[in-house]
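# Commentary on secondary and tertiary structure
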Amino acid sequence: MDLSIFGHRDDEILAGIDVPRGYEAHLRWLPRLGDIFPNFHLEHEGGLFRFHEWAEGNWVYFFSHPAANTPVCTTEIADVAAHGEELARRGVKALNLSLDTHEVQAAWIADIEQMFGVKVDFPLLSDPTGKVASVCDMLHPHEDTVLCVRKSFIIDPSLRIRMIAEYPLNVGRDFEEILRVIDALQATDHNGLVAPGGWMPGDPLLVHPYIYTEEAKERFGSRLRVLNRYMRLLSPNVDAA
Ligand code: BEZ
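Residues numbered from 1 in each chain as written. Predicted model: local features only at pLDDT ≥ 70, side-chain atom pairs only at ≥ 80, totals over all residues. Heavy atoms only, no water.

### Side note on the sheet that holds strand 7 (residues 161-167)
The condition that has to hold: Only when DSSP finds a minimum of two bridges between them are two strands counted as paired. Labels follow the DSSP assignment, with helices taken as runs of H or I lasting at least four residues and strands as runs of E lasting at least two, numbered in each case from the N terminus. Axis definition: a line fit to C-alpha positions, over the contact stretch in the case of helices; interaxial angles, taken between N-to-C directions, run 0 to 180 degrees. Note on contacts: a residue pair qualifies if any of its non-hydrogen atoms lie within 4.5 Å across the two residues.
With respect to topology, 5 strands assemble into an open sheet ordered 5-4-3-6-7, the strand pairing being mixed. Strand pairing shows two members of the sheet lacking a second neighbour, strand 5 (124-126) and strand 7, which therefore form its edges. The average undirected angle you get between the axes of adjacent strands in this sheet is 20°. Where strand 3 (residues 59-64) and strand 6 (residues 150-155) come together, 4 bridges link them in antiparallel fashion. Counted as the bridge partner of Val60 is Ile155 from strand 6. Across the face of the sheet, helix 4 (residues 102-116) comes into contact with strand 4 (92-98) and strand 5 while running at roughly 155° to strand 5. Against the sheet, helix 6 (residues 175-188) makes contact with strand 3, strand 4, strand 6 and strand 7, and its axis sits at roughly 20° relative to strand 6, the strand it touches most.

### Notes on the pairing of strand 7
As judged from the 6 bridges shared by strand 6 and strand 7, these two strands associate in the antiparallel manner. In the strand pairing of strand 7, Ile155 is matched with Ile161. What sits between the antiparallel neighbours strand 6 and strand 7 is a turn of 5 residues, in which Leu159 has the positive phi angle 75°.

### Concerning the site of the ligand
For the record, the criterion: The rule for a residue being near a molecule or strand is that one of its heavy atoms must lie within 4 Å of it. Any N or O atom pair separated by 3.5 Å or less is treated as a polar contact, with the protein-specific requirement of one donor-capable and one acceptor-capable atom, and with residues adjacent in sequence counted only for side-chain atom pairs. In short, Shrake-Rupley with a 1.4 Å probe defines the accessible areas, and a residue's cover is counted only from the protein chains shown.
Every residue lining the ligand is accounted for by Pro66, Thr70, Pro71, Val72, Cys73, Arg150, Leu169 and Asn170. Taking Arg150, its side chain carries an N or O atom lying 3.0 Å from an oxygen atom of the ligand. Here the ligand has 260 Å² of accessible area as a free molecule, and 80% of this is covered by the chains. Broken down by element, the residue count for the shell around the ligand peaks at 3 residues, all from helix 2 (residues 71-82).

### Re the pattern of salt bridges
Here is the rule we go by: By definition here, a salt bridge exists when the distance from a side-chain nitrogen of Lys or Arg to a carboxyl oxygen of Asp or Glu is within 4 Å.
Evaluated as defined, the whole model comprises 14 salt bridges. Asp137 serves as the salt-bridge partner of Arg28, at 3.5 Å between the closest nitrogen and oxygen. With a gap of 109 residues between them, Arg28 in the segment before strand 1 (41-44) and Asp137 in the loop between helix 5 (131-135) and strand 6 connect regions that are remote in the sequence. The partner of Lys151 in a salt bridge is Glu166, and the shortest N-O contact between them spans 2.5 Å. With a gap of 15 residues between them, Lys151 in strand 6 and Glu166 in strand 7 connect regions that are remote in the sequence. Beyond isolated ion pairs, a larger network of salt bridges with shared partners links Arg28, Asp137, Lys151 and Glu166.

### Regarding the side chain of His140
In this fold, His140 is placed in the loop between helix 5 and strand 6. Apart from the residues within four sequence positions on either side, His140 is in contact with Val149, Lys151 and Glu166.

### A word on helix 4
Inclusion rule: Multiplying 1.5 Å by the helix residue count minus one yields the expected span of that helix. Exposure categories follow from relative accessible area, calculated using a 1.4 Å probe and restricted to protein chains: below 20% of the type maximum is buried, above 50% is exposed, and the middle band is partly exposed. The directions from the helix axis to the C-beta atoms are what the arc is built from.
Helix length check: helix 4 (15 residues) gives 21 Å between terminal C-alpha atoms against 21 Å at 1.5 Å per residue, within 8%. By the burial criterion, the buried members of helix 4 are Gln105, Trp108, Ile109 and Ile112. Buried residues of helix 4, seen end-on, are gathered within an arc of 110° and therefore sit on one face of the element. Along helix 4, exposed side chains directed more than 90 degrees from the buried face belong to Glu103 and Gln114. Close packing links the buried residues of helix 4 with helix 2, strand 4 and strand 5. Backbone geometry just after helix 4 places Gly117 at a positive phi near 65°.

Laid out in structure tokens, this is it:
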């Protein structure tokens, strides 16, 4: 393997990571967990869609896809549309973005609704110049030079990014996993709990590693099962269900 693209000057070495020269042009702000999602404006349904105004106070599932009239994207939009009640129950608004025009999107939505018997009642934003997609890091030129990757953001009611996921063009997302992460975030926010790998609603949660066991016992009482100093299981509160 030719590693010459990883060539560097000595003063460029930072904590032992060599950034390939070709990547230097991409060193810029990237959306990260905990960041406030940037406000953006796009034309939509004859008016101006203002992201912060639309999103603030709600949980948001914001996702990009490569293109209208393609098979995997069709299944993804239909899947989100079919889960409308599940989203509403969790207080989540869905929002989609691609580089397609409004006209192409409108005809495609009609196709999806007819094919799958669903109502696509969330906005599909059109970003033909790719300006928003670029700032939100949805364009990955080594995956595709003109189409968005399958990027997913979960954004909380204070507009902070709580989850970021990227899927390749050839593989569709599993929307049940998105719902699982939303459930886990909502079950653990501000209460000293964390969700274990593979957690599903109804499973025990764990006490946050920053909380001492004595404090956890005071907070959670008899629902707490202590396996060792860092594995403290909290059984679900059946009374609250
Ligand atoms: C699709 O959604 O089927 C798709 C779109 C672009 C590239 C590959 C697949």
